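A closer look at the structure
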Amino acid sequence: MAKVLLHTFELSDIKKVVEEVLERKLKSFIPQEKEKLTLLSRKDTAKLLCISLPTLHDWTKNGTIKAHRIGNRILYKLDEVNEALNQIQSSKTGRGFRC
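The structure reproduced in this document is the subject of the present report. (Residues numbered from 1 in each chain as written. Predicted model: local features only at pLDDT ≥ 70, side-chain atom pairs only at ≥ 80, totals over all residues. Heavy atoms only, no water.)

As for the packing of helix α2 (residues 42-49) against helix α3 (residues 53-61)
Threshold: To define axes, lines are fitted to C-alpha atoms, for helices over the stretch in contact only, and angles between the resulting N-to-C directions are given on a 0 to 180 degree scale. Labels follow the DSSP assignment, with helices taken as runs of H or I lasting at least four residues and strands as runs of E lasting at least two, numbered in each case from the N terminus. Any angle that is under 35 degrees is reported as roughly parallel, and any over 145 degrees as roughly antiparallel; angles of 65 to 115 degrees are reported as roughly perpendicular and all others as oblique. Between two residues, a contact is recorded if the distance between any of their heavy atoms is within 4.5 Å. In the scheme used here, Gly and all other residues not listed as nonpolar or charged are polar, with Ala, Val, Leu, Ile, Met, Phe, Trp, Tyr, Cys and Pro taken as nonpolar and Asp, Glu, Lys and Arg as charged.
Orientation of α2 relative to α3, taken along the N-to-C sense of each, is 95°, at an axis distance of 9 Å. Classed by the angle they form, the pair α2 and α3 counts as roughly perpendicular. For the pair α2 and α3, contact is made by R42, K43, T45, A46 and L49 and by L53, L56, H57 and W59, respectively. Along the lines of polarity and charge, the residues of the contact of α2 with α3 split into 5 nonpolar, 2 polar and 2 charged.

Have a look at this one:
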C-alpha cells in the first residue's frame with residue numbers, strides 16, 4: 001500500500017514551479033533563431049566579387065548569380081553570392097581568386 005503525504009505549499013511556490021516547467025517546455029517549440037539575412041546592392045556585390053557592374057549584370061542574366069528585385073532595386077543575398085563564388089572558384093581549379 002502506498003503512503004500518502006500531505007504538504008502545504010504557498011501559492012507563489014506553486015506558481016513558480018509551474019512557470020518554470022512551462023518555460024522549459026515552450027522553449028522546445030520556439031524555432032531556433034535563423035541566420036540574419038544580409039542583402040547586398042549591385043555595387044556591394046560587384047565589389048565583393050571584384051568584378052565590374054557590367055560583368056555582374058552578365059552573370060545575373062546567364063544565371064551564375066541569382067538576383068532579387070524589390071521594387072525598382074536589384075539586391076543579392078550574401079549567402080547566395082558566397083555560394084556562387086564557391087562554384088566559380090571550384091570550376092577554375094588551380095587558379096587562385098584575387099581582387
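Points about the nonpolar core
A general tendency of soluble globular proteins is for nonpolar side chains to be buried together. As a reminder, the rule being used: Nonpolar cores were defined as sets of buried Ala, Val, Leu, Ile, Met, Phe, Trp, Tyr and Cys residues, with membership established by side-chain atoms within 4.5 Å. Working definition: with a 1.4 Å probe on protein chains only, accessible area under 20% of the residue-type maximum means buried, over 50% means exposed, and in between means partly exposed.
The biggest cluster of nonpolar side chains holds 12 residues, and these are L40, A46, L49, I51, L56, W59, I65, Y76, V81, A84, L85 and I88. Going through the elements one at a time, α2, α3 and α4 (78-91) are the ones with two or more residues in this core. Ranked by the residues each element gives to this core, the list is headed by α4, at 4 residues.

Observations concerning α2
Cut-off, in case you're wondering: The directions from the helix axis to the C-beta atoms form the arc being described.
Residues of α2 that are buried: T45, A46 and L49. Seen end-on, α2 carries its buried residues on one side only, within an arc spanning 95°. Exposed and facing more than 90 degrees away from the buried side of α2 are K43 and K47. Each element contacted by the buried residues of α2 is listed here: β1 (39-40), α3, β3 (73-77) and α4. Following α2 by one or two positions, C50 has its phi on the positive side, about 60°.

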